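Letter by letter, the chains look like this.
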Amino acid sequence: MTVASRSSAAGRCYLGVDIGSLAVKAVLLDAEEHILSRAVAPAGYGGQEAAARLVAQVLSEAHAEKALARTVVTGYGRSLFRNADEEMSEISCHARGAFRVCPEVRTVIDIGGQDSKVIRVDARGRVMDFAMNDKCAAGTGRFLEVMAAALGVPVADFGALALQSQHPVAISSTCTVFAESEAISHMASGAERQDVAAGLHRAIASRILGLAAHVGLLAEVVVSGGVALNAGLVAALTELSGLHLTVPSDPQVVGALGAALFALHGGRR
Amino acid sequence: MAEKRYKKLKTAAELQQLMQWHYASARYLRLGRPLAWVTSGAPVEILRAMQIAVLYPENYTALCGARHLASSLCQVAEAHGYSQDLCSYARTDLGSAFDPAHAPMQGLPKPDLLIACNNICGTVVKWYEALAGYYHVPLFVLDTPFVHDQLQDSTLYYVVAQLEELIRFIERATGHRLDKARLSKIAHVSNETTRVWGEIRALCKARPSPLNAPDLFVNMAPIVVLRGANSALRFYRHLQAEVEQRVRLKVGAIPEEKHRLLWDNIAIWHHLYRFYNLFVDHGACFVVDTYTGGWAHAVPEGEPLPGIAQAYTSIFLNQSLQYRVEWMASLIREYGVDGFVMHCNRSCKPYSLGQYAVRRAVMERTGVPGLVIESDQCDARTYAEEPIRTRIQAFIETLEART
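This is a predicted model, so every value here is computed, not measured.

A.B. asks: Lay out the interface of chain B and chain A in plain terms, naming residues and giving numbers.
C.D. replies: The interface is formed by 22 residues belonging to chain B together with 21 residues belonging to chain A. Here chain B and chain A share an interface that buries about 2000 Å² over both sides, 46% of which is from carbon and sulfur atoms. Summed over the three residues of chain B that lose the most area to chain A, namely T390(B), R391(B) and E397(B), the buried surface amounts to 26% of that side. Viewed at the interface, chain A and chain B are joined by two salt bridges. Note that E87(A) is salt-bridged to R389(B), the shortest N-O span being 3.8 Å. Taken together, chain B and chain A are joined by eight residue pairs in polar contact (both at pLDDT 80 or more). Broken down by secondary-structure element, the contributors of at least two residues to the side of chain B that touches chain A are α16 (355–366), β8 (370–375) and α17 (385–402) of chain B. Looking at the side of chain B that touches chain A, the element that brings in the most residues is α17(B), giving 13 residues. Among the residues forming the side of chain B that touches chain A, the class breakdown is eight nonpolar, five polar and nine charged.

Structure, rendered in structure tokens:
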């Protein structure tokens, strides 16, 4: 994904907004599917204010305030967002966005702040089947945040720390609460910080692969969502699945890109 | 929502009266008849023929669920040491026994005897043992072996022998004798009722479907609790006439039927309309389900006891996953279904275990997509609407992308 020249907003523009539980994302496209601007910000309380600011920002960056033709919103805050023409589920938007950045994709693993999903798509990029975690933080960005805090590591450095491990500890529980106490007891018994971090990354990866088993894990596999930026997790997923995983250059905005593509092409294409 | 999403059935008032009469008569108008609490899969024709009044804790607890009182009754049972992993029908029932003051209708009237049949699950055995201990009343457990492939003759002999034992058990406990002519008559009424119920379900093959899943769930109560009673047969004939009229006039259950779905598993009683309306919002109607089809199997004609043994042993929850796959696939074909939704029901282990395997097999067999929703039949604490809404929306988008 490359950001096109910012002066090319003379034509009509199409906006995708993804209001997640931890972050809001926006992507603005021109009629030729070029990205005019994109932005990511913390969701804050409810995400609506952050989303409104973000939309103003991407439109202003592209000088496209008057050229906006259509907006599609997705993510947990989608039904409260007022300025969209249509709302669509994250499942459809992530599949659409992943298909755009990798047309060979057959499986999308999206790991967001409060849920993770595995989506099977067909050769035309249409959703065939999907599975989501249910009422459980295991296998989500929230799990990583809680564990990074427990280990006293900034969440941005957590994956890199895990990659330094030679001897990952075994974390048997995938429950966020129990896994945290397991991690703490490993630390108390003198385990190295990176080994605990690696154990936690393997636990979350195994949880996500368990979810993937419901729909099948067909190559090409694209990992999207903010958690795809965590190299430790991608390494654990690769190791445990034995598959090559594609991480887009800007994984966090894949859902917003999908929403923008739906805004551009309309319908359920 | 400006538009009313449900067309109320004219027979709704009659249904309500019938059910009120059922519960009131068990408490106030027994006329000396002993009272049995029975499981939904118990051979009730025998009890009716022996002049035993019957109540169904499963129906009562579903009612508690619909009235949003089940979760607090579950908590009563949990405070008595019952695990939150136990079926919420069992917990609600035990909770209402322990704390009737906080239960609808002040709980059910105390039973004189208990009859549990394990054709629906193994939980009923321990649940009814707990009730027997609590009320100090006799319990009969009817054991129907699981049907792995074909129903074996040896299984039938085994169940028939137990039915004979059940009759002796009731005779001993109550002094009532079995009137065989009456049993044949009741089995006939039971079959008639089952047949009419099956025909009502089949009317939903029409487009648009005259009924949606909540209609089926609400109207199934008499086929469960009044099977073999003339009052139930009369009610279902009235319902059938109304549904036939809807079909003739092309009146659909929901405002605009765009997608035809199949429902698998017990209803989500605590959010009945609210939950199914999430589908109605997308023009999706459940035209058929497996749950209320569980009571559409007739007792074969001929000698009553072998017929009863066969009917109650071969209910679908007592049969293999393969059988369920084939049944769902045939319903999907017959009812012109575009997608199916499986309730992964925390309470009902036999219904929910193996669901992912069934889902995959049905999808492969029919090419129709399936969605799994996690919740519970009675315990509203398991219900998380926002994740459910997202799944439903994504599922409908998937259906729409296929067309």
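From this point, the discussion proceeds with the structure in view.
A.B. asks: Can you tell me about unusual backbone geometry, naming the residues and giving the values?
C.D. replies: Along the chain, A219(A) connects to E220(A) via a cis peptide bond; the corresponding omega equals 0°. Here E220(A) lies in the loop between α6 (193–215) and β9 (221–224). Omega for the bond connecting R207(B) with P208(B) falls within 30 degrees of zero, at -5°, which places this linkage in the cis form. Considering the arrangement of structural elements, one finds P208(B) in the loop between α8 (180–203) and α9 (213–219). With phi around 55°, Q106(B) is a residue other than glycine that occupies positive phi space. By the element assignment, Q106(B) lies in the loop between α5 (88–98) and β3 (113–117). Backbone geometry at K250(B) places phi at a positive 55°, although glycine is not the residue there. Along the chain, K250(B) turns up in the loop between α11 (230–248) and β5 (259–264).

A.B. asks: Explain the packing of aromatic side chains residue by residue, including any values.
C.D. replies: All names here are of chain B. Applying the stated rule across the entire model yields 24 aromatic pairs over all chains. Relative to Y291, the ring of F217 has its centre 5.9 Å away and its plane inclined at 55°; by these criteria the two rings are tilted. Separated by 74 residues along the polypeptide, F217 in helix α9 and Y291 in the loop between β6 (284–289) and α13 (304–313) bring together distant segments of the chain. The same class applies to F217 and to Y291, which are both buried. Ring geometry for F279 versus F286: centroids 4.9 Å apart, planes at 75°, classification edge-to-face. In this pair, the class of F279 matches that of F286, namely buried.

A.B. asks: Explain the side chain of R246(B) residue by residue, including any values.
C.D. replies: Residue and element names in this part refer to chain B. Mapped onto the fold, R246 is located in helix α11. The side chain of R246 sits in the buried core without any salt bridge; E242 is the nearest counter-charge, 4.7 Å away. Engagement of the side chain of R246 in a polar contact is seen with the backbone oxygen of P210, the distance being 2.7 Å. Sequence-distant contacts of R246, that is, excluding residues within four places in its chain, are made with K7, K8, L9, P210, L211, V251 and A253.

A.B. asks: Could you give an account of empty space enclosed by the protein, naming the residues involved and the relevant values?
C.D. replies: Within this structure, the stated rule accounts for one cavity of 30 Å³ or more. By volume, the largest cavity is sized at about 40 Å³. Lining of the largest cavity is provided by M128(A), D129(A), F130(A), R359(B), P369(B), G370(B), L371(B), F395(B) and T398(B). Elements with a minimum of two residues in the lining of the largest cavity: β8 (127–132) of chain A together with β8 and α17 of chain B. When grouped by side-chain class, the residues that make up the lining of the largest cavity number five nonpolar, two polar and two charged.

A.B. asks: Can you lay out the pattern of salt bridges for me, pointing to particular residues and giving the numbers?
C.D. replies: All names here are of chain B. By the definition in use, this model includes 29 salt bridges over all chains. A salt bridge links R346 to D85; the nearest nitrogen and oxygen atoms lie 2.6 Å apart. One end of the pair, R346, is in the loop between β7 (339–345) and α15 (349–352); the other, D85, is in the loop between α4 (70–79) and α5, with 261 residues separating them in the sequence. Of the charged contacts in the structure, one is a salt bridge between E334 and K205, with a shortest N-O distance of 3.8 Å. Of this pair, E334 sits in helix α14 (residues 321–334) while K205 is found in the loop between α8 and α9, placing the two residues 129 residues apart along the sequence.

Rules of the game
- Residues numbered from 1 in each chain as written.
- Chains lettered and ligands numbered in written order.
- Predicted model: local features only at pLDDT ≥ 70, side-chain atom pairs only at ≥ 80, totals over all residues.
- Heavy atoms only, no water.
- Contact = heavy atoms within 4.5 Å.
- Buried area = accessible area lost by both parts, 1.4 Å probe.
- Salt bridge = Lys/Arg side-chain N within 4 Å of Asp/Glu carboxyl O.
- Polar contact = N/O pair within 3.5 Å; in protein donor to acceptor, adjacent residues only side chain to side chain.
- Helix = DSSP H or I, 4+ residues; strand = E, 2+ residues; numbered from the N terminus.
- Nonpolar A, V, L, I, M, F, W, Y, C, P; charged D, E, K, R; others polar.
- Phe/Tyr/Trp six-rings, centres within 6.5 Å; stacked < 30°, edge-to-face > 60°.
- Buried < 20%, exposed > 50% of the residue type's maximum accessible area, 1.4 Å probe, protein only.
- Lys, Arg positive; Asp, Glu negative; His and termini not counted.
- 1 Å grid on protein atoms, 1.4 Å probe; cavity = no way out; pocket = protein on both sides within 12 Å on 5 of 7 lines; lining within 4 Å.
- Points joined across faces, edges and corners; volume = space filled by probe spheres on them.

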